[in-house]
Amino acid sequence: MTTLVDRAIAVLRANHDTLAALVPTLSEEQLRSRSGAAEWTVADALSHLGSGAEINRKPIATAAGEQVGVVDNQSIWNRWNALPPADQAAEFVKHDAAYVDTVAGLTAEQRDVPIDLGFMPEPVPLLVALGMRVSEVANHGWDVRVGVDPSATVDPDAAELLIELLRGPLAFLLGFSGKADQVEQDVRLAIPGGGIEITDTVTVTDTIDDPTATFEGPAEAVVRLLTGRLGADHAAGVSVTGNVTLDQLRKVFPGY
């Protein structure tokens, strides 16, 4: 039986393969061009993903019994930030491959060991650690790809998985990213396969009773909405009807 952990690893592998195939084709000009993240170049986004792979591989490898050297995160970021764009891109491929290989190689017993990420109140299940990495890779991977292809979309399998995880083990992320006070009335937004409820908090649900609004568009656009990546330049084919507008929803989900 395919588990959520298996699906997460498959999504991470597929997204790695996509970016690893893209990186060698990028020119210096493309690496220095703006990514989907307004303040980052394409190389910056790849550097963020690469340093994240290096940092987040360590607690998983440690939980699996590997002896891993301790280096503080700021030193890792400083090293990555000092690299020229071409090296940031190449190092991303190397470190992201190492991350994917590590999680794909975990035994059944190792998958059950909680992961101490260092910034969470307590160790988390492997699925939470992987889900957070899927969110990073899917969204910042889109930042990279849309920087060279304006028609780029979030990987459909990643989008479907993320929406499912946001209904459960990753629901806590919406407490940080969702700004429910940006709308003056409760919203029950129907989305593909479920809904988004905006009351005093923001939640993603698998069903929606008596929706007050409807989101028309693919699941990948829902993920981009939730992470502040559904700007007017990248919202073709998306519409919202009911008691909230797409512009208002953008304020609820300013992104990161």
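Residues numbered from 1 in each chain as written. Predicted model: local features only at pLDDT ≥ 70, side-chain atom pairs only at ≥ 80, totals over all residues. Heavy atoms only, no water.

Examining the overall build of the protein chain
So, point 1. Along the protein chain, the regular secondary structure elements total eleven helices and five strands.
So, point 2. Here the protein chain has a C-alpha radius of gyration of 18 Å; the compact-globule value for 256 residues is 18 Å, and the two agree.
So, point 3. Here the C-alpha coordinates of the protein chain stretch approximately 55 × 45 × 35 Å along the principal axes.
So, point 4. Here the protein chain holds 256 residues, and 45% of them are scored as buried.
So, point 5. Considering only intrachain contacts with a sequence separation of at least 6, the fraction spanning at least 24 residues in the protein chain is 66%.
So, point 6. For the protein chain, the accessible area works out to roughly 12,100 Å², and carbon and sulfur atoms hold 52% of it.
So, point 7. If the 18 positive side-chain charges of the protein chain are averaged to one point and the 36 negative ones to another, these points end up 4 Å apart. (Helix = DSSP H or I, 4+ residues; strand = E, 2+ residues; numbered from the N terminus. Rg over C-alpha atoms; globule rule 2.2 N^0.38 Å. Buried < 20%, exposed > 50% of the residue type's maximum accessible area, 1.4 Å probe, protein only. Contact = heavy atoms within 4.5 Å. Areas by Shrake-Rupley, 256 points an atom, 1.4 Å probe, with all protein chains shown as cover. Lys, Arg positive; Asp, Glu negative; His and termini not counted. Charge placed at Lys NZ, Arg CZ, Asp CG, Glu CD.)

Things to note about the packing of aromatic side chains
So, point 1. Applying the stated criterion across every chain yields a total of zero aromatic pairs.
So, point 2. Its end group placed over the ring of Tyr 99, Arg 133 keeps NZ or CZ at 5.3 Å from the ring centre.
So, point 3. The ring centre of Tyr 256 lies 5.8 Å from the NZ or CZ of Arg 229, which sits over that ring. (Phe/Tyr/Trp six-rings, centres within 6.5 Å; stacked < 30°, edge-to-face > 60°. Lys NZ or Arg CZ within 6 Å of the ring centre and 35° of its normal.)

Let's talk about the pairing of strand E4 (residues 213–216)
So, point 1. Only one face of E4 is covered, namely the one carrying Ala 213 and Phe 215; the face carrying Thr 214 and Glu 216 has none of its residues buried.
So, point 2. Pairing between strand E1 (residues 187–191) and E4: two bridges, direction parallel. Considered in E4, the bridge of Ala 190 is made with Thr 214.
So, point 3. Of the strand pairs in this sheet, E4 and strand E5 (residues 239–242) are connected by four bridges, and their pairing is antiparallel. Within E5, the residue paired with Thr 214 across the bridge is Thr 241. (Pairing = 2+ DSSP bridges.)

Here we look at the nonpolar core
So, point 1. Membership of the largest hydrophobic core comes to 75 residues, with the highest contact counts inside it found for Leu 46, Leu 130, Leu 189, Ile 196, Ile 198 and Phe 215.
So, point 2. Sort the elements by how many residues they give to this core and helix H7 (residues 126–146) lands first, with twelve residues.
So, point 3. Those residues in contact with Ile 196 that sit more than four places away from it in its chain are Val 187, Arg 188, Leu 189, Ile 191, Val 202, Thr 203, Val 204, Ile 208, Val 222, Leu 226 and Phe 253. (Core = buried A, V, L, I, M, F, W, Y, C linked by side-chain atoms within 4.5 Å.)

Side note on the pairing of strand E3 (residues 202–205)
So, point 1. One ladder, built from four bridges, connects strand E2 (residues 194–198) with E3; its direction is antiparallel. Its bridge partner being in E3, Gly 195 is matched across the sheet by Thr 205.
So, point 2. Adjacent in sequence and paired antiparallel, E2 and E3 are bridged by three residues.

What about helix H10 (residues 219–226)?
So, point 1. Where burial is concerned, most of H10 is hidden: seven out of the eight residues are buried.
So, point 2. Residues Glu 220, Ala 221, Val 222, Val 223, Arg 224, Leu 225 and Leu 226 constitute the buried set of H10.
So, point 3. Of the residues one or two after H10, Gly 228 is the one with positive phi, at around 70°.

Looking at H7
So, point 1. Taking 1.5 Å of rise per residue, 21 residues should cover 30 Å, and H7 covers 30 Å from first to last C-alpha, within 8% of that figure.
So, point 2. For H7, a buried count of 20 out of 21 residues is recorded, marking the element as mostly surrounded by other parts of the structure. (Expected span 1.5 Å × (residues − 1).)

Re the sheet that holds E2
Hydrogen bonds along the backbone pair up the strands of a sheet, which may run parallel or antiparallel.
So, point 1. Across the sheet, which stays open at both edges, the five strands sit in the order E3-E2-E1-E4-E5 with mixed pairing between neighbours. Among the strands making up the open sheet, the edge pair consists of E3 and E5. Across this sheet, the average inter-strand angle for adjacent strands is 20°, counted without regard to direction.
So, point 2. This element, H10, spans E1, E2, E3 and E4 of the sheet and lies at about 115° to E4. (Axes fitted to C-alpha atoms, helices over the stretch in contact; angles between N-to-C directions.)

Comments concerning the environment of Gly 178
So, point 1. In this fold, Gly 178 is placed in the loop between helix H9 (174–177) and E1.
So, point 2. The exposure class of Gly 178 is buried, given its relative accessible area of 14%.

Concerning the environment of Pro 150
So, point 1. With respect to the helices and strands, Pro 150 occurs in the loop between H7 and helix H8 (156–166).
So, point 2. Expressed as a C-alpha distance, the spacing of Pro 150 and Ala 221, which sit 71 residues apart in the sequence, is 14 Å.

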